[in-house]
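Observations on the three-dimensional arrangement
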Amino acid sequence: MISEEQQDQAALYALGLLNPDEDAAFESQLSASAELRDLVRELREATGDLALTAPSRLPPASLKQRVMRDIGMEPERSAPIPTQRASFAWIPWALAAMLMLLCGVLALDRASLRRELADARAADPLMQTIFFTLTPSESAPVDAKATVAWQPGRQSGVIRISNLPAPQPGRDYQLWAVDAAHKDPISAGVIRVDKNGVAQVRFKPVEKAEHVKAFAISLEREGGVPKKEGPILLVGSA
Amino acid sequence: MAEETATAQQMADREMVARIGRGDQSAFSALYDRLSGPLYSLAMNMLGDTAEAQDALQDAFLQIWSRAGTYDPEQSSVFSWSVLLTRSKVIDRLRARGRRSRVVVGSTDDKETRTEAADASTIESATDTADKNDEAAHVRSVLNNLPSEQREAIELAFFGDLTHHEIAARLGQPLGTVKARIRRGLLKLRQRLHT
């Protein structure tokens with residue numbers, strides 16, 4: 001049974017509010033009680049979830065490069081240094097061997113760099129992403145805008161909308177992919193903006209869209225429609 | 001279903017951290033893509049400064065890289081572990097600059113946020129952030145449904161880097177009352193988010 005006092009301490013501990021002495025005292029209680037440890041774990045999860053309530057921000061891509069560079073620069077074990085030869089007669093042979101070794105290492109290194117470059121290109125989402133800027137039509141507020149980051153390979157994307165007021169009751173905004181290989185725009189789902197006219201949503205068109213020329217947002221009946229009916233509010237090509 | 005998804009995600013996170021512990025840079029890259037959005041949001045919310053938030057996030061991820069081998073799944077999920085590491089780095093910076101954080105809680109209409117988000121070029125982070133949006137909305141809703149005095153105490157403790165003594169002083173309430181508010185609020189959060 002966990003006392004109220006222990007629950008108090010557990011909550012403060014999970015939030016990192018205890019001073020070092022209190023921390024140490026509580027940790028000794030923790031080590032003696034599995035029930036208390038379970039409580040702390042659950043409170044930590046709740047504490048971690050609080051981070052999600054912060055307004056959403058995205059770090060710049062350059063930050064990832066910095067971080068990856070930092071971990072890539074960690075010192076690696078160096079090759080053992082050859083011991084000095086006792087006889088000078090071995091020097092030419094040793095130099096030749098070292099030269100061959102160096103050539104081998106360089107060849108391996110070059111192959112490795114090529115592989116890394118290919119992997120980095122394959123892994124770099126930017127290399128596979130097309131950006132679309134959607135601008136308002138006459139039916140939309142002039143400052144409404146949207147940006148789509150579309151990844152054809154994954155057939156999914158992210159749209160961010162700003163300054164687009166929520167539609168009237170009974171209506172919804174719907175996103176469409178305009179694809180050269182399809183007669184009609186392909187639905188990419190209903191988008192709901194918040195009270196500030198902002199949305200950030202990941203989407204996936206209902207059909208394969210391999211030749212997307214543009215994205216558009218229309219005003220449709222609530223819940224969306226299979227085929228575009230309403231007016232286009234925002235549209236843009238890559 | 002959501003619970004199953006969370007469990008599957010947690011297992012995937014643990015696997016990533018285990019690989020990072022073995023020096024796997026691609027796992028580290030994947031974890032960065034998954035977590036950098038919410039962790040950066042946390043750092044920005046507490047520090048209110050782009051450059052400092054980026055530095056704090058960089059420090060946090062370097063610590064994730066170096067400490068992955070010691071991560072204990074019995075103590076916390078990877079997400080919570082990363083949040084606590086990041087928060088600790090942020091608090092180090094707040095204390096280093098000798099002032100308390102700007103507390104910005106629950107504001108989602110920050111134009112700068114949106115502009116920056118629109119300019120963000122890390123699509124992996126973008127998509128993961130989008131994935132997190134539903135979860136974030138749920139947590140925010142649960143938090144907003146707490147009694148206001150409990151929510152306020154928790155927000156000051158988590159985002160404001162205030163001790164319980166400082167919170168009591170700020171709110172003009174007895175220390176015991178503040179402790180009880182934090183405890184009750186956090187227990188309710190736990191109950192509503194994890195049961």
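In this report, the structure presented in the accompanying data block is examined. (Residues numbered from 1 in each chain as written. Chains lettered and ligands numbered in written order. Predicted model: local features only at pLDDT ≥ 70, side-chain atom pairs only at ≥ 80, totals over all residues.)

Quick notes on the sheet that holds strand E1 (residues 130-136) of chain A
All names here are of chain A. Basically, it comes down to this: Two strands pair under a simple rule: DSSP has to find at least two bridges between them. Strands here mean DSSP runs of E at least two residues long; helices mean DSSP runs of H or I at least four residues long; both are numbered from the N terminus. Every angle, taken between N-to-C directions, lies between 0 and 180 degrees, and every axis is a line fitted to C-alpha atoms, over only the stretch in contact when it is a helix.
Read from one edge to the other, the open sheet built from eight strands follows the order E5-E4-E7-E8-E1-E2-E3-E6, with strand pairing classed as antiparallel. Of all strands in the sheet, those bounded by a partner on one side alone are strand E5 (186-191) and strand E6 (199-203). Recorded for the sheet is a direction-independent mean angle of 20° between the axes of neighbouring strands. The pairing of strand E4 (residues 171-179) with strand E7 (residues 212-221) spans nine bridges and is classified as antiparallel. Across the sheet, residue tyrosine 173 finds its bridge partner in E7, namely leucine 219.

Details of the packing of helix H2 (residues 25-47) of chain B against helix H4 (residues 78-96) of chain B
Residue and element names in this part refer to chain B. Formally: In these notes the angle categories are as follows: under 35 degrees is roughly parallel, over 145 is roughly antiparallel, 65 to 115 is roughly perpendicular, and the rest is oblique. Whether a crossing is left-handed or right-handed is set by the direction in which the near helix is turned from the far one by less than a right angle, anticlockwise for left-handed and clockwise for right-handed. Once C-beta atoms are placed from the backbone, any two residues with those atoms within 7 Å are in contact. The residue classification treats Ala, Val, Leu, Ile, Met, Phe, Trp, Tyr, Cys and Pro as nonpolar and Asp, Glu, Lys and Arg as charged. All others, Gly included, are polar.
At a minimum axis separation of 10 Å, H2 and H4 run at an interaxial angle of 30°. By the angle between their axes, H2 is roughly parallel relative to H4. For the crossing formed where H2 meets H4, the hand is right-handed. Facing H2, whose interface residues are Leu35, Leu39, Leu42, Ala43, Met46 and Leu47, H4 presents Phe79, Ser82, Val83, Thr86, Arg87, Val90, Arg93 and Leu94. For the contact of H2 with H4, a count of residues per class yields 10 nonpolar, two polar and two charged.

Side note on the pairing of strand E3 (residues 156-162) of chain A
Along any regular strand, the residues point their side chains to alternate faces of the sheet. Residue and element names in this part refer to chain A. We apply this condition: Between the buried cut of 20 or more and the exposed cut of 12 or fewer other C-beta atoms within 10 Å of a residue's own C-beta lies the partly exposed class, and all C-beta atoms are placed from the backbone.
Along E3, six of the seven residues are buried, which leaves the element largely enclosed by surrounding structure. Where strand E2 (residues 145-151) meets E3, seven bridges bridge the pair, whose relative direction is antiparallel. By the bridge assignment for E3, valine 148 is matched with isoleucine 159. Two elements, E3 and E6, share five bridges in a ladder whose sense is antiparallel. The residue of E6 that forms the bridge with glycine 157 is phenylalanine 203.

Quick notes on the nonpolar core
Heads up, the condition is: Structurally, a nonpolar core is described as a collection of buried Ala, Val, Leu, Ile, Met, Phe, Trp, Tyr and Cys residues joined by way of C-beta atoms within 7 Å.
With 64 residues, the main nonpolar core has B:Ala43, B:Leu57, B:Ala157 and B:Ile182 as its most contacted residues. Per-element tally for this core: the top contributor is H2(B), with 11 residues. Every residue in contact with B:Ile182, bar those within four places of it in the chain, is listed here: A:Ala11, A:Leu12, A:Leu15, B:Ala153, B:Ile154, B:Ala157 and B:His164. Counting residues in hydrophobic clusters, the runner-up holds 28 residues, among them A:Ile159, A:Ala188, A:Val212 and A:Leu234.

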